[in-house]
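Architecture and fold: a report
Letter by letter, the chains look like this.
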Amino acid sequence: MSRISRLPSSLLRAAACTGIAALTLTACGSGSGSGTANAGSGSAKVGLITKTDTNPFFVKMKEGAEKAAKENGVELSTAAGKFDGDNAGQVTAIENMVAAGVKGILITPSDSKAIVPAIEKAKAKGVLVIALDTPTDPESAVDALFATDNFKAGELIGQYAKAAMKGKTAKIAALDLAPGVSVGVQRHNGFLKGFGATDKDVACAQDTGGDQSKGQTAMENCLQKEPGINVVYTINEPAALGAYTALKAKGREKDVLIVSVDGGCTGTQAVKDGKIAATSQQYPLKMAAEGVKAVATYAKDGKKASGYTDTGVTLVTDKAQDGVTSKDTAYGLDNCWG
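Residues numbered from 1 in each chain as written. Predicted model: local features only at pLDDT ≥ 70, side-chain atom pairs only at ≥ 80, totals over all residues. Heavy atoms only, no water.

1. Here's the deal with the layout of surface pockets
- Counted as a void, the largest pocket has a volume near 1000 Å³.
- Lining the largest pocket we find 43 residues, and of these Lys 51, Asn 55, Asp 84, Leu 177 and Gly 209 sit closest to its centre.
- Those elements that provide at least two residues to the lining of the largest pocket are α2 (56-72), α6 (182-195), α8 (237-249) and α9 (265-272).
- Of the residues assigned to the lining of the largest pocket, the class counts are 15 nonpolar, 18 polar and 10 charged. (1 Å grid on protein atoms, 1.4 Å probe; cavity = no way out; pocket = protein on both sides within 12 Å on 5 of 7 lines; lining within 4 Å. Points joined across faces, edges and corners; volume = space filled by probe spheres on them. Helix = DSSP H or I, 4+ residues; strand = E, 2+ residues; numbered from the N terminus. Nonpolar A, V, L, I, M, F, W, Y, C, P; charged D, E, K, R; others polar.)

2. Remarks on the side chain of Thr 234
- Looking at where Thr 234 falls in the secondary structure, it is placed in strand β9 (residues 231-234).
- Given a relative accessible area of 0%, Thr 234 falls into the buried group.
- A polar contact of 2.8 Å, which involves the side chain of Thr 234, links it to the side chain of Ser 260.
- Setting aside anything within four residues of it in sequence, one finds Thr 234 in contact with Leu 175, Ala 239, Ala 240, Ile 258, Val 259, Ser 260 and Val 261. (Buried < 20%, exposed > 50% of the residue type's maximum accessible area, 1.4 Å probe, protein only. Polar contact = N/O pair within 3.5 Å; in protein donor to acceptor, adjacent residues only side chain to side chain. Contact = heavy atoms within 4.5 Å.)

3. Structural notes on the environment of Ser 260
- Note on placement: Ser 260 falls in strand β10 (residues 257-262).
- What makes Ser 260 buried here is its relative accessible area of 0%.
- Considered as a pair, Ser 260 and Leu 156 are 104 residues apart in the sequence and their alpha carbons are 9.8 Å apart.
- Apart from the residues lying within four places of it in its own chain, the contact partners of Ser 260 are Ile 157, Thr 234, Ile 235, Asn 236, Glu 237, Ala 240, Ile 276, Ala 278, Thr 279 and Ser 280.

4. With respect to the packing of aromatic side chains
- This structure, assessed with the given rule, holds 4 aromatic pairs.
- Plain terms: the ring middles of Phe 57 and Trp 337 are 5.0 Å apart, the flat faces sit at 80° to each other, and that makes the pair edge-to-face. Here the residue Phe 57 occupies a position in helix α2, and Trp 337 occupies one in the segment after α11 (329-334), the gap between them amounting to 280 residues. Both residues of the pair, Phe 57 and Trp 337, belong to the buried class.
- By the ring-pair criterion, three or more aromatic residues cluster together here, those being Phe 57, Phe 58 and Trp 337. (Phe/Tyr/Trp six-rings, centres within 6.5 Å; stacked < 30°, edge-to-face > 60°.)

5. Observations concerning the pattern of salt bridges
- Enumeration over the complete set of coordinates arrives at 8 salt bridges.
- Note that Arg 252 and Asp 255 form a salt bridge whose closest N and O atoms lie 2.9 Å from each other. (Salt bridge = Lys/Arg side-chain N within 4 Å of Asp/Glu carboxyl O.)

6. As for the state of the cysteines
- Following the criterion strictly, the structure yields 2 disulfides and no others.
- One disulfide in the model links Cys 204 with Cys 222; its S-S distance is 2.1 Å. One disulfide, between Cys 204 and Cys 222, carries an S-S torsion of -75° and so falls in the left-handed class. Here Cys 222 lies in helix α7 (residues 212-225) and Cys 204 lies in strand β8 (residues 202-207), a separation of 18 residues in the sequence.
- A residue is classified by how much of its surface remains accessible, and Cys 204, at 1% relative accessible area, is buried. (Disulfide = S-S within 2.5 Å.)

7. So, the side chain of Arg 187
- Its location among the elements puts Arg 187 in helix α6.
- Using a relative accessible area of 4% as the deciding quantity, one classes Arg 187 as buried.
- Of note is the side chain of Arg 187, whose polar atom sits 3.3 Å from the side chain of Asp 262.
- If sequence neighbours within four positions are ignored, Arg 187 has contacts with Asn 150, Gly 154, Tyr 233, Ile 235, Asn 236, Val 261, Asp 262 and Gln 282.

8. Examining unusual backbone geometry
- Cis geometry marks the peptide bond from Asp 137 to Pro 138, where omega comes out at 10°.
- Although it is not a glycine, Asp 133 sits at a positive phi angle of roughly 70°.
- By the element assignment, Asp 133 lies in the loop between β5 (128-132) and β6 (144-147).
- By relative accessible area, Asp 133 is classed as buried at 6%.
- Of note in this structure, Asp 262 is not a glycine but carries a positive phi near 145°.
- Within the secondary structure, Asp 262 is located in strand β10.
- Asp 262 sits in the buried class, given a relative accessible area of 10%.

9. What to know about the packing of helix α5 (residues 150-165) against α6
- It is at 6 Å that the axes of α5 and α6 come closest, and there the two elements cross at 35°. Here α5 runs over α6; the crossing is right-handed. Between α5, through Asn 150, Phe 151, Gly 154, Glu 155, Ile 157, Gly 158, Gln 159, Ala 161, Lys 162 and Met 165, and α6, the contact on the second element is made entirely by Val 183, Gln 186, Arg 187, Asn 189, Gly 190, Phe 191, Lys 193, Gly 194 and Phe 195.
- Tallied by class, the residues present in the contact of α5 with α6 amount to 7 nonpolar, 8 polar and 4 charged. (Axes fitted to C-alpha atoms, helices over the stretch in contact; angles between N-to-C directions. Left-handed = near helix turned anticlockwise from the far one by under 90°.)

This is the structure in C-alpha cells:
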C-alpha cells in the first residue's frame, strides 16, 4: 500500500469529524461513500464497513444490512475504503463509528492484520465487532465471523474440475488474488485439495487482484509460458472473464476448462453462456443480515455472538459431474448478487 509524506487525509477527516461524529457519519465516512439509515430516535446503532462501495459483492452486502436494520429496529451507518486495501480508511471509519456510539461494527477487513489494533480499541470500549466475508488475522481478533467457507468454495470447484477432466492430464493455471490475503489463500488451497493437486502441479500462477483486465494479462502470460494449459482456476469471476477473453483471442475458449468462485449475477450468467464451466456461489446479503441481527441482540440483552458462522456456498453449473453436488444456473441466477 502506498504512503504519502504529508498528513494523511484520513487523519484530517477524523479530526474534522470528531466534534460531529455522534450526530452523523454521512459526511465523515472514510471511503468513497458512506451513509446513515435512521430507525428512530434512541435506537441502537450498528456500523458496516466494507472494502469498497463499488464492488457488486459489497453493494449487495450493504443492501442486506439496510434491510436487516429496518427489520430489527436499529440505526445503520456505513462506510467503505476508497479501494480494496485501504486499511487507513477503514481505521478512520472504526474510530468515527465508535465516537458516534455504535453498539456493534461489521467489517470486511482490507488488511486482515493491520486492522487488528483498531478493532481491539473498539472492543475495549464495549463495541461488538464482527468480521464479514474476510477473517482477521488472527481470527480471534473479532468477536465473531460470518463468512463463506472459502476453503470449501475452492474445494468444490477443484472437485468439479477434476471430474470434468475425466482422467485427462491437467496443465493448471492459477489466477490468484494477491500474496498473503486470507480469502485468496483459502480458495487456492481448497481448489488444489479438491483437484488432488499441489502447487508443484500448477504450470503457471499469477496474481490478478480479482480484476478482469489483470486476469486477461495473467492468462496471456500463462499461455506464453505454457501454451498447453487446459484448466484455469480463478480467484473470482472478473478474473475468470479476463482469462476467457485471452483464451478466445487464441481460439482456445472451447478447449480450456475455467472454474471460479463468487456467484455474482454477471459471473453466473457467464456460466450459463458457457464462458465459465462452474462457480462456487456465496451469499453476501446473508452475511450482512446475520451480522446486523447479532448486533441488535447484543444491544437488547448483552448477548455477544461468537465463533464462526458459515453462511453457505453452492456449486453452480449447467454441466453437472457425477459425484459432485451442484445446482444449475437457474438456481444460481435466482440467488446471485450484483
